[in-house]
Amino acid sequence: DTAVSQTPKYLVTQMGNDKSIKCEQNLGHDTMYWYKQDSKKFLKIMFSYNNKELIINETVPNRFSPKSPDKAHLNLHINSLELGDSAVYFCASTAHGSYEQYFGPGTRLTVT
Amino acid sequence: GNSVTQMEGPVTLSEEAFLTINCTYTATGYPSLFWYVQYPGEGLQLLLKATKADDKGSNKGFEATYRKETTSFHLEKGSVQVSDSAVYFCALLMDSNYQLIWGAGTKLIIKP
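Structure report, in brief.

Rules of the game
- Residues numbered from 1 in each chain as written.
- Chains lettered and ligands numbered in written order.
- Predicted model: local features only at pLDDT ≥ 70, side-chain atom pairs only at ≥ 80, totals over all residues.
- Heavy atoms only, no water.
- Helix = DSSP H or I, 4+ residues; strand = E, 2+ residues; numbered from the N terminus.
- Rg over C-alpha atoms; globule rule 2.2 N^0.38 Å.
- Buried < 20%, exposed > 50% of the residue type's maximum accessible area, 1.4 Å probe, protein only.
- Contact = heavy atoms within 4.5 Å.
- Areas by Shrake-Rupley, 256 points an atom, 1.4 Å probe, with all protein chains shown as cover.
- Lys, Arg positive; Asp, Glu negative; His and termini not counted.
- Charge placed at Lys NZ, Arg CZ, Asp CG, Glu CD.
- Core = buried A, V, L, I, M, F, W, Y, C linked by side-chain atoms within 4.5 Å.
- Pairing = 2+ DSSP bridges.
- Axes fitted to C-alpha atoms, helices over the stretch in contact; angles between N-to-C directions.
- Patch = residues over 30% accessible without salt bridge, like charges linked within 9 Å, V, L, I, M, F, W, Y side chains within 5 Å.
- Salt bridge = Lys/Arg side-chain N within 4 Å of Asp/Glu carboxyl O.

**So, the overall build of chain A**
If you tally the helices and strands in chain A, you get 0 helices and 11 strands. Ordering the α and β elements of chain A from the N terminus gives β-β-β-β-β-β-β-β-β-β-β. Over its C-alpha trace chain A gives a radius of gyration of 13 Å, about what one expects of a compact globule, namely 13 Å for 112 residues. In terms of its C-alpha atoms, chain A occupies a principal-axis envelope of roughly 40 × 25 × 25 Å. Of all 112 residues assigned to chain A, the portion counted as buried reaches 45%. Put simply, 54% of the contacts in chain A that link residues at least 6 apart link residues at least 24 apart. Accessible area for chain A stands at about 5700 Å²; split by element, carbon and sulfur atoms hold 48% of it. Both charge centroids of chain A, one from 12 positive and one from 11 negative side chains, sit 7 Å from each other.

**With respect to the overall build of chain B**
When helices and strands are counted, chain B shows 0 helices and 12 strands. The C-alpha atoms of chain B give a radius of gyration of 13 Å, which matches the 13 Å a tight globule of 112 residues would have. Principal-axis analysis of the C-alpha atoms gives chain B an extent of 45 × 25 × 20 Å. Per-residue burial for chain B yields a buried fraction of 46% across its 112 residues. Restricting the contact set of chain B to residue pairs at least 6 apart, pairs at least 24 apart contribute 56%. Accessible area of chain B: about 5300 Å², with a carbon and sulfur share of 47%. Taking the average place of the 9 positive charges on the side chains of chain B and the average place of its 11 negative ones, the gap between the two points comes to 2 Å.

**Let's talk about the nonpolar core**
With 27 residues, the main nonpolar core has L19(B), W35(B), L47(B), L48(B), F73(B), L75(B) and Y88(B) as its most contacted residues. Only β2 (11–14), β3 (19–21), β4 (23–26), β5 (32–38), β6 (44–50), β8 (62–65), β10 (86–93) and β12 (106–111) of chain B provide two or more residues apiece to this core. L11(A), I21(A), V60(A) and F64(A) belong to the second-largest nonpolar core, a separate cluster that totals 20 residues.

**Considerations on the sheet that holds strand β8 (residues 73–78) of chain A**
The strands that make up a sheet are held in pairs by hydrogen bonds between backbone atoms, and each pair lies either parallel or antiparallel. Residues and elements named next belong to chain A. Overall, antiparallel pairing links the 4 strands, which are arranged β1-β3-β8-β7 in an open sheet. Pairing within the sheet leaves two strands with one partner each, and these edge strands are β1 (4–7) and β7 (64–70). Here the strands of the sheet are splayed against their neighbours by 20° on average, with no regard to which way each runs. In the sheet, β7 pairs with β8 via 5 bridges, with the strands oriented antiparallel. Counted as the bridge partner of F64 is I78 from β8.

**What about a positive patch on the surface?**
On the surface, K9(A), K41(A), R108(A) and K107(B) cluster together into a patch of positive charge. Within the fold, K9(A) resides in the loop between β1 and β2 (10–13). Among the residues examined, K9(A) registers a relative accessible area of 38% and is labelled partly exposed.

**Section: the pattern of salt bridges**
Tallied over the entire structure, the rule returns 6 salt bridges over all chains. In this structure, the salt-bridge partner of E63(B) is K56(B), at a minimum N-O distance of 3.6 Å. For E63(B), a relative accessible area of 34% corresponds to the partly exposed category. Given a relative accessible area of 52%, K56(B) falls into the exposed group. Here D84(B) ties to K77(B) by a salt bridge, and the two come within 2.8 Å at their closest N and O atoms. Each member of the salt-bridge network shares a partner with another, and the members are R63(A), E82(A) and D85(A).

As structure tokens, this is what we get:
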């Protein structure tokens, strides 16, 4: 069973398009995250959701919007894609009061 | 603010060599400390942790000791294998907000 899954694994699209990346966790965790990893492997947290409430929102352009239809899902919607959005995006989840984050396999986004 | 500094990579070693990846931190209070590993093409996974000073975390032959006096959490392994090739991330967690603060990652390359 896959604990944290993401779709799609690869996404190639043109500048200006709007796209979504989906994330699902079957661990019963309370908190989910989105991270962006650049080509140098630097990891930056973008958002986290706890019980459907946004609790962290770093300095991310408002073209990025997280959407959580329920506790098990946290999708990332990106409007007006730019070249600099090309990166690997990771979803992660954690249980309340826990220190361990479980990561999905990543979505490699390429904007041309 | 809280931060984590890792040695810059890549670190290239021969199989069976001794490994040290340095990690130092800055934090107000007493964080928990972690090492996560990212194998090629995968998401991050927890490698080991230490939650208080002088604790030693260990897993898969890797060890790290929480040194409060030097604010360090260096990762060591006595004899590395080709399969250890990955990117290693040091991170700290403050109990106050359960937000992980990540280091920049260190790429490790093991040659046969």
